[in-house]
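Now for the letters of each chain:
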Amino acid sequence: MIPAWGNDNTYLCLSPLCFLEASKNLLEALRLLARTLDMHNAEAGTPFTNHALEYEKHLNFFKQIEDFADSYAIWYKFEHEVHLDILMANVLFNWQQYTSRGDIILQSYHTIMDNRKMSGLADHGGSVYWANTLWLITVYTNTEHWEERKV
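The structure presented is a predicted model; accordingly, all values stated were derived computationally and were not measured.

## Here we look at the overall build of the chain
When helices and strands are counted, the chain shows six helices and zero strands. For the chain, the sequential pattern of α-helices and β-strands runs α-α-α-α-α-α. Expressed as a percentage of its 151 residues, the buried residues of the chain come to 38%. With an accessible surface of roughly 9100 Å², the chain has 58% of that area assigned to carbon and sulfur atoms.

## Remarks on the packing of helix H3 (residues 51–63) against helix H4 (residues 72–89)
At their nearest, the axes of H3 and H4 sit 10 Å apart, and the two run at 170° to each other. When the axes of H3 and H4 are compared, the pair comes out roughly antiparallel. Where H3 abuts H4, its residues His 51, Glu 54, Tyr 55, His 58 and Phe 62 lie against Trp 75, Phe 78, Glu 79, Val 82, His 83, Ile 86 and Leu 87.

## Let's talk about the environment of His 83
Examined against the element boundaries, His 83 turns out to sit in helix H4. In this structure His 83 comes out as buried when scored by relative accessible area, which is 6%. Expressed as a C-alpha distance, the spacing of His 83 and His 58, which sit 25 residues apart in the sequence, is 7.3 Å.

## As for the confidence of the model for the chain
Scored by pLDDT, the chain comes out at a mean of 76, with 66% of its residues at no less than 70. The weakest mean pLDDT in the chain belongs to helix H1 (residues 2–5) at 52; the strongest belongs to H3 at 92.

## So, the nonpolar core
Phe 19, Phe 62, Tyr 72, Trp 75 and Tyr 98 are the most contacted members of the largest nonpolar core, which has 24 residues in total. Elements supplying a minimum of two residues to this core: helix H2 (16–44), H3, H4 and helix H5 (95–119). The element that contributes the greatest number of residues to this core is H4, accounting for eight residues. Counting residues in each nonpolar core, the second largest holds six residues, with Leu 27, Ala 34, Ala 52 and Leu 59 among its members.

## What about the packing of aromatic side chains?
Going through the model one piece at a time under the given rule, you end up with 18 aromatic pairs. Note on Phe 61 and Phe 93: the rings are 6.4 Å apart at their centroids and 55° apart in plane angle, and the pair reads as tilted. Of this pair, Phe 61 sits in helix H3 while Phe 93 sits in the loop between H4 and H5; the two residues are 32 residues apart in sequence, bridging distant segments of the chain. Taken individually, Phe 61 and Phe 93 each receive the classification buried, so the pair is uniform in this respect. Clustering of aromatic rings is evident, with ring pairs tying together Tyr 11, Phe 19, Phe 61, Phe 62, Phe 68, Tyr 72, Trp 75, Tyr 76, Phe 78, Phe 93, Trp 95 and Tyr 98.

## Comments concerning the side chain of Glu 79
As for its placement among the helices and strands, Glu 79 is situated in helix H4. Within the buried set, Glu 79 has no salt-bridge partner at all; the shortest N-O distance to an opposite charge, 12 Å, is to Arg 101. Excluding its chain neighbours within four sequence positions, the residues that come into contact with Glu 79 are Phe 19, Tyr 55, His 58 and Phe 62.

Definitions and cut-offs
- Residues numbered from 1 in each chain as written.
- Predicted model: local features only at pLDDT ≥ 70, side-chain atom pairs only at ≥ 80, totals over all residues.
- Heavy atoms only, no water.
- Helix = DSSP H or I, 4+ residues; strand = E, 2+ residues; numbered from the N terminus.
- Buried < 20%, exposed > 50% of the residue type's maximum accessible area, 1.4 Å probe, protein only.
- Areas by Shrake-Rupley, 256 points an atom, 1.4 Å probe, with all protein chains shown as cover.
- Axes fitted to C-alpha atoms, helices over the stretch in contact; angles between N-to-C directions.
- Parallel < 35°, antiparallel > 145°, perpendicular 65-115°, else oblique.
- Contact = heavy atoms within 4.5 Å.
- pLDDT = per-residue confidence, 0-100.
- Core = buried A, V, L, I, M, F, W, Y, C linked by side-chain atoms within 4.5 Å.
- Phe/Tyr/Trp six-rings, centres within 6.5 Å; stacked < 30°, edge-to-face > 60°.
- Lys, Arg positive; Asp, Glu negative; His and termini not counted.
- Salt bridge = Lys/Arg side-chain N within 4 Å of Asp/Glu carboxyl O.

This is the structure:
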């Protein structure tokens, strides 16, 4: 993704539609690799973590988010962090933990936006600012509840 769209640490690198397309391509690549590794590990008798299965669960979680495209800027950092955990650190997908963190992010976003509307404040290019603010809220309020399960 990086050569085609730039830095993938920010949601600005991909539109929601391009994110879905890139994610589907990554999933297909992981499936191809999984078939190859599965055959190799079966011959060697070693255990194997199927990243394709974990990433597919991960992707399905994010695709079902209400107002997927509208809230994309808000949840992208969370998605990026946990997708790297799956691919690099062998962290298993956990629906309950994803839901817990996702709910905090989206509820915080809706609360902030409602308060801004009620106070009459304009959004001065605030999507990036609010995405970063919400990310900090999520990290500090939920860090102790985020238990990684590694294989």
